[in-house]
Amino acid sequence: MTGHIKYPTNGEKITAKDGKLQVPDNPILGYVEGDGIGPDITRASMRIWDAAVEKAYGGKRKVAWCELFMGEKAAGLYDGNYFPEETKAALKDLLVSIKGPLTTPVGGGFRSLNVSLRQDLDLYACVRPVRHYAGVPSPLKKPEDVDVVIFRENTEDVYAGIEYQSGSAENKKLAAFLKNEMGANFFDDAGLGVKPISEFGSKRLVRKAIQYAIDNNRESVTLVHKGNIMKFTEGAFRTWGYELAREEFPEQTITEEELYSTYGGKRPEGKVVIKDRIADIIFQMMLLRPNEFDVLATMNLNGDYLSDAVAAEVGGVGIAPGANMSDNVAVFEATHGTAPKYANQDKVNPGSLLFSGVMMLEHLGWQEAADLITAAYQEVVTSKIVTYDFARQIEGASEVKTSQFADAIIAQINGGLDIEEFREEREKAIEKDRKVRELRRVSSPLEEMIASGRIPHTVGDLMNPSPISLPPETTVEDAMHLMREKGISSVITRPGEDGQWGIMTQRDVISRIVSKARAPASVKVGEVASKPLVTVPVDMTLNDCAEKMSSSNIRRCAVTDKDQEPIGIISDTDIFASVEQFGLPE
């Protein structure tokens, strides 16, 4: 490089091949100190990152740091330019960088430096892992249940900046077109904005989220949207997300509908469950049942709200890490502001930048170094050695400076940390939690859907899976014993000589056996069952199913898969309960 940026001679550049990073043992990583408290937290964090790499790899790996310039420091070097072209070029060339917080310069019409960075480099995915670390103050009763990674689309939505000020000539022109040509209705002199959501932008974001879930053994990816209101933007995001999963990851993913209808609530090993939730519901769920969710994929505005709100549950944005990524370029960052009143005081919590660096190490594939920092951080915080922000919330805390906090973490890294034990405990906790939720899904599917915020749309969402089917020669008496034992009100009868499936309900036994004074032991279920079996496909809407039940004058029907095999039973009671709970389906 020429100018102010100098690549270190003791490092090698990271390259990308077929979308995969090729990381040497001495990679050149870019860093931007940032403004305000940026230098304080950057100095502390770099010491910790270097110590972890040294300890994890015994000196065989080492980062070659290269300083890049943005914000106030850049303005002083590049004649007032806060985001010089030289820095943009280096960020693209080095592929992996990290930056502290930046001040948006004063002046009309200047975009946020963070927004400029994302849009100029097409860093389309803002990735925000949010999890609780033992000892960190939290308003939740069980903050340990929060462990989610949010993928926020960075380039579209209302953040695209397509706005027209009230009273401007452009505004009047657009308003006239919308009202006169498109039949739109809104108040005069309204400020106008455009909300672009594209198939291309949506699918590349969801693709990245699903690939992350696969690579990191995550259970699910949830598409977050307001498609019930904005059907052609946010609703399309949901539709395109499911399409992408089906087209590009057919062997690695299943839908939540399939989880219940095909697999009876048991997630097949190695499969990522694709589901969706309305945005306002996900905010509730992240307070009430956060462990239901693993990876969230959403649009720009929803993601902005959601990432900061969830971070507040586990300690705030002060320790929330983040990154902005394209297919190959990644810029990790502190997610908080510059806090200028604390600048150069060696006072603030470096957690956000520190854990963004942990993300960066994981991105490089240096998991051992990343885990060392995470384990050491928890040891220090649970010992109540914290910076001022946590000290005022923790009784008996020892308040330390930023640099002293770094000293304590480095001491733990170089001490006797048992990383294997740390990993094993975390993996056991995750597996135990997954088993508990699976048991709930299997035993009480409708109740579990309601509790987890899923709104039923199809018969597959509501059906009772794995119906009991019996040979037609089974006696009614034996079938009755089985129905009582299993607590079910109907059984399916398999095809006999007539080749037809049938269904026998409690009502059939009463009307065709008991009322006729026939002995249940002497009658076969094939003689009593209603035939032919009325069936509906697993993806039929609840509205259409209700219409079919009404027109056929029946109370329940079988749900079939693509091979026309019965895989579930849905009754009028199931639909009634759903409508009572959720209202009429969309």
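Whatever comes next refers back to the structure up there.
Remember, predicted model here, so these are calculated numbers, not experimental data.

### Some points on the overall build of the protein
Scanning the protein for helices and strands turns up 22 helices and 24 strands. Once the C-alpha set of the protein is aligned to its principal axes, its extents read approximately 95 × 70 × 50 Å. The contacts in the protein between residues at least 6 apart in sequence include a share of 70% that link residues at least 24 apart. For the protein, the accessible surface area stands at approximately 27,300 Å², while carbon and sulfur atoms represent 50% of it.

### Let's talk about the sheet that holds strand β18 (residues 464-465)
Taking strand neighbours across the sheet as the criterion, the 4 strands line up as β18-β24-β23-β22 in an open arrangement whose pairing is mixed. Each edge of the open sheet is held by one strand with a lone partner, namely β18 and β22 (535-537). With 2 bridges joining them, β18 and strand β24 (residues 566-571) adopt antiparallel strand pairing. Looking across to β24, one finds that Asn-464 is bridged to Ile-569. Of the strands in this sheet, β22, β23 (556-560) and β24 are in contact with helix α21 (residues 542-552), which crosses β24 at around 75°. In the packing of helix α22 (residues 572-582) onto the sheet, the strands contacted are β18 and β24, and the crossing angle to β24 comes to about 65°.

### Description of the nonpolar core
In terms of nonpolar packing, the biggest core is built from 106 residues, with Trp-65, Val-221, Phe-332, Ile-373, Tyr-377 and Ile-409 touching the most fellow members. Discounting residues that sit within four places of it in the chain, Ile-373 has contacts with Ile-48, Trp-49, Ala-52, Leu-354, Val-358, Leu-361 and Ile-413.

### Here we look at the packing of aromatic side chains
All told, the structure shown has 10 aromatic pairs when counted by the stated rule. Judged by centre distance (5.3 Å) and plane angle (45°), the rings of Tyr-342 and Tyr-388 are tilted. Here Tyr-342 is found in the loop between β15 (330-334) and α11 (351-364), whereas its partner Tyr-388 is found in helix α13 (residues 388-391), with 46 residues between them in sequence. Of the two residues examined, Tyr-342 and Tyr-388, each falls in the buried class. What links up through ring pairs into an aromatic cluster is the set Tyr-133, Phe-355, Tyr-377 and Phe-405. The residue whose ring lies beneath Arg-61 is Tyr-57, and the NZ or CZ to ring-centre distance is 4.5 Å.

### Considerations on the layout of surface pockets
The computed volume of the second largest pocket comes to approximately 1,400 Å³. The wall of the second largest pocket is formed by 47 residues, among which Arg-238, Tyr-242, Thr-255, Glu-257 and Thr-458 lie closest to the centre. Contributing elements (two or more residues each) for the lining of the second largest pocket: α7 (234-248), β11 (253-255), α8 (256-261), β12 (272-278) and α22. Per-element accounting of the lining of the second largest pocket gives the leading share, 7 residues, to α7. Residues of the lining of the second largest pocket, tallied by class, amount to 16 nonpolar, 14 polar and 17 charged.

### So, the sheet that holds strand β20 (residues 490-493)
Spatial ordering of the open sheet is given by β19-β20-β21, a layout of 3 strands whose pairing is mixed. Edge positions in the open sheet fall to β19 (469-470) and β21 (502-505), since each of these has one partner strand only. Here 2 bridges tie β19 to β20, and the two strands are oriented parallel to one another. Looking at the pairing, Ser-469 lines up with Ile-492 of β20. Set on the sheet, helix α18 (residues 476-486) makes contact with β19, β20 and β21; between it and β21 the angle comes to about 70°.

### Examining the side chain of Lys-226
By secondary structure assignment, the location of Lys-226 is in the loop between β10 (220-225) and α7. Separated by 3.4 Å, the side chains of Lys-226 and Asp-280 make a polar contact. Apart from residues lying up to four places away in sequence, Lys-226 is in contact with Glu-234, Ile-278, Ala-279, Asp-280 and Asn-302.

Here is what the cut-offs are and how they apply
All residue numbers refer to positions counted from 1 along the written sequence of the respective chain. Residue-level local features of this predicted model are given only where pLDDT is at least 70; pairs of side-chain atoms are given and counted only at 80 or more, and the full residue set underlies all totals for whole chains, interfaces and linings. To get the side-chain values, take all heavy atoms of the structure and skip hydrogens and water. Numbering of helices and strands runs from the N terminus; a helix is a DSSP stretch of H or I covering at least four residues, while a strand is a stretch of E covering at least two. For this analysis, residues touch if any pair of their heavy atoms sits within 4.5 Å. For accessible areas, the Shrake-Rupley method is used with a probe of radius 1.4 Å. Any residue's cover is judged against the shown protein chains and nothing else. Any two strands between which DSSP finds at least two bridges are classified as paired. Every axis in this analysis is a line fitted to C-alpha atoms, fitted for helices over the stretch in contact. Angles between the N-to-C directions lie between 0 and 180 degrees. Here, nonpolar core means buried Ala, Val, Leu, Ile, Met, Phe, Trp, Tyr and Cys residues that are tied together by side-chain atoms lying within 4.5 Å of each other. Each residue gets one of three labels from its accessible area relative to the maximum for its type: buried under 20%, exposed over 50%, partly exposed in between, using a 1.4 Å probe on protein chains only. Side-chain rings of Phe, Tyr and Trp (the six-membered ring for Trp) are treated as a pair once their centres are within 6.5 Å; stacked means planes under 30 degrees apart, edge-to-face means over 60, and tilted covers the remaining angles. We count a charge as sitting over a ring when the NZ of a lysine or the CZ of an arginine lies within 6 Å of the ring centre and within 35 degrees of the ring normal. Here the term cavity refers to a set of points on a 1 Å grid, laid over the protein atoms alone, in which a 1.4 Å probe fits but cannot get out; the term pocket refers to an open set having protein on both sides within 12 Å along at least five of seven lines, with lining residues being those that place an atom within 4 Å of a point. Grid points are joined across faces, edges and corners, and a volume is the space filled by probe spheres set on the points. By the convention adopted, Pro, Cys, Tyr, Trp, Phe, Met, Ile, Leu, Val and Ala count as nonpolar, Lys, Arg, Asp and Glu as charged, and the other residues, Gly among them, as polar. Counted as a polar contact is a pair of N or O atoms within 3.5 Å, where, for protein atoms, one must be capable of donating a hydrogen and the other of accepting one, and residues adjacent in sequence contribute only when both atoms are in side chains.

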